[in-house]
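Chain by chain, the residues:
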Amino acid sequence: MTPGAVLVSNRIDVKLQHSWSQIFTGETITLRCEIQGGEGKVWKYEWTAPNTNSPPTSSEYRISRVSVSHSGDYRCRGSSDYLLTGWSDAFRLTVSSSKPRATLTAQSSVLPAGGSVTLSCSVEGSAGWKFDWFRHNSEFSVAQKIEAGTSEHTISISEGGIYYCRGGRGDPVYSTEEISDVTVKEASFGCERSSFIVPFIIGLVSGIIVVLLLMCCYRKIKKPCCNSLTQSQSTNQSSASQQTANQDQTQVYSSLLHGDLSVYESIRGSGNTGSADEYNNVTSGFQLEGLDKRSRHDGTEESSDYNNVNPESASGP
């Protein structure tokens, strides 16, 4: 305490520049010493802090890349000429050793045709974050930033893809880990197409089965008809052949020669009941009869000639 200084009762407080409930290793933070009612005066500040050998003399205590070793109580006081404030209440700083994680959730994993899906990004247990939003088409494609530094923790998307978010805060910006992603599929290329293709395939297969059954039934119906038609054609051909044979049988010619006289006899059948055997029998009969008559005729002529040569033999002794 400076000799001759007057202790003032102005309230003094240590405050964190940002109202963050949790501080993470690697962030940059600023503590401020505020003297209420000390406006218009030039103050010189004193700090008590853990893990420091040269605290600042300004109203701000800036720590770059804070670590767990910076955790502890921080106090300050101010002096101006002969005025001196008391020490502030302790400000307890706690630094977390873990790195924050951004969690992304989707209203739906399927994007309806012509519609949209809402994505939400959050960092548990802390505040003051701004969010960057990324999208890539496949697991191995390069991600594209679609939104940057939005204060709102939600966005609306209208196309499918793989999405992830990243939170950032402070100056310079401290970022969260990028480990949370969500896949959103477009219904027009996924579910709706599948719902169209499956019934189409089922209908196509059913149609083929019906056609095969109809062809089978048609063949079963057609086969007896074909057999009947074939039998009818065979019967007609057989009848035609039989009729031709009968017509041939009706014409029988036998020639009986008696000297120079030729006799032709025509015998006609009495219908179509004749057969090949009857035809042969009739023909043979007429041939035998003709030969017999001719033999007898030749014998008579020979006898007559003999009588003419031997008259005595004809009359007897």
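Residues numbered from 1 in each chain as written. Predicted model: local features only at pLDDT ≥ 70, side-chain atom pairs only at ≥ 80, totals over all residues. Heavy atoms only, no water.

*Asks:* Help me understand the overall build of the protein, please; the structure alone is not making it clear to me.
*Replies:* A tally of regular secondary structure across the protein gives three helices and 21 strands. In the protein, which comprises 317 residues, the share counted as buried stands at 26%. Surface accessibility of the protein: about 21,400 Å² in total, with carbon and sulfur atoms responsible for 52%. (Helix = DSSP H or I, 4+ residues; strand = E, 2+ residues; numbered from the N terminus. Buried < 20%, exposed > 50% of the residue type's maximum accessible area, 1.4 Å probe, protein only. Areas by Shrake-Rupley, 256 points an atom, 1.4 Å probe, with all protein chains shown as cover.)

*Asks:* Is there a simple way to think about the state of the cysteines in this case?
*Replies:* Throughout this description, disulfide means a covalent bond between two cysteine sulfur atoms. All chains considered together, the criterion is met by two disulfides. Residue pairing for C33: its cysteine sulfur links by disulfide to C76, the two sulfurs lying 1.9 Å apart. Handedness here is read from the sign of the S-S torsion; for C33 and C76, about 85°, the answer is right-handed. In this pair, C33 is assigned in strand β4 (residues 29-35) and C76 in strand β7 (residues 72-80), connecting sequence segments 43 residues apart. In this pair, the class of C33 matches that of C76, namely buried. Sulfur-sulfur distance for the disulfide between C121 and C165 comes to 1.9 Å. Across the disulfide from C121 to C165, rotation about the S-S bond amounts to roughly 75°, and the bridge is consequently right-handed. Pair noted here: C121 is in strand β13 (residues 117-123) and C165 is in strand β17 (residues 161-169), with a separation of 44 residues, a long-range link. (Disulfide = S-S within 2.5 Å.)

*Asks:* Mind showing me how you'd approach the packing of aromatic side chains here?
*Replies:* For the structure on display, the rule yields six aromatic pairs. Judged by centre distance (6.5 Å) and plane angle (40°), the rings of W129 and Y174 are tilted. Residue W129 is found in the loop between β13 and β14 (130-136), and its partner Y174 is found in strand β18 (residues 174-175); the two are separated by 45 residues along the sequence. Assigned by exposure class, W129 and Y174 land together as buried. Pairing F134 with Y164 gives two aromatic rings, centres 4.8 Å apart and planes at 10°, and the pair type is stacked. (Phe/Tyr/Trp six-rings, centres within 6.5 Å; stacked < 30°, edge-to-face > 60°.)

*Asks:* What is the right way to read the sheet that holds strand β11 (residues 102-106) from this model?
*Replies:* Pairing between sheet strands relies on hydrogen bonds along the backbone, with the strands arranged either parallel or antiparallel. Spatial ordering of the open sheet is given by β11-β13-β16, a layout of three strands whose pairing is antiparallel. Every interior strand has two partners, whereas the edge strands, β11 and β16 (154-157), have only one. Between one strand axis and the next, the sheet turns by 25° as a mean value, whatever way the strands run. Across four bridges, the pairing between β13 and β16 is antiparallel. (Pairing = 2+ DSSP bridges. Axes fitted to C-alpha atoms, helices over the stretch in contact; angles between N-to-C directions.)

*Asks:* I'm lost on the side chain of R169 in this one. Help?
*Replies:* Examined against the element boundaries, R169 turns out to sit in strand β17. A polar contact is formed between the side chain of R169 and the side chain of E27, at a distance of 2.6 Å. (Polar contact = N/O pair within 3.5 Å; in protein donor to acceptor, adjacent residues only side chain to side chain.)

*Asks:* Is there a simple way to explain the pairing of β14 in this structure?
*Replies:* For a regular strand, side chains alternate in direction, first toward one face of the sheet and then toward the other. The element β14 is extensively covered by neighbouring structure, given that six of its seven residues are classed as buried. Note: β14 against β17, seven bridges, orientation antiparallel. Within β17, the position partnered with W133 by the bridge is C165.

*Asks:* Sorry, what's going on with the pattern of salt bridges here?
*Replies:* Any two side chains of opposite charge can pair, on the condition that their charged atoms come close. The tally for this structure, following the rule as stated, stands at 10 salt bridges. Between R11 and D13 there is a salt bridge, with its nearest N and O atoms 3.3 Å apart. Looking at D13, the relative accessible area reads 14%, which means it is buried. A salt bridge links R77 to E46; its shortest N-O distance comes to 3.0 Å. Placement of the pair is R77 in strand β7 and E46 in strand β5 (residues 44-48), with a sequence separation of 31 residues. For R77, a relative accessible area of 14% corresponds to the buried category. Judged by relative accessible area, E46 falls into the partly exposed class, the value being 39%. (Salt bridge = Lys/Arg side-chain N within 4 Å of Asp/Glu carboxyl O.)

*Asks:* Would you mind going over the sheet that holds β4 with me for this structure?
*Replies:* Taken together, three strands build an open sheet; the order of strands is β2-β4-β6 and the sheet is antiparallel. Each edge of the sheet is formed by a strand with only one pairing partner; in this case those strands are β2 (12-16) and β6 (60-63). Strand-to-strand twist across the sheet, computed as the mean angle between neighbouring axes with direction ignored, equals 15°. By the bridge criterion, five bridges tie β2 to β4 in an arrangement that is antiparallel. Bridging from a neighbouring strand, I12 pairs with I35 of β4.

*Asks:* Would you explain the pairing of β7 in this entry?
*Replies:* Sheet analysis places β5 next to β7, joined by five bridges and oriented antiparallel. Within β7, the residue paired with E46 across the bridge is R77. Summarising the sheet, β7 and strand β9 (residues 91-93) pair through three bridges and their orientation is antiparallel. Pairing of Y74 across the sheet is with F91, part of β9. Sheet topology places β7 next to strand β8 (residues 83-85); two bridges connect them, and they run antiparallel. Bridge assignment links S80 to a residue of β8, and that residue is L83.

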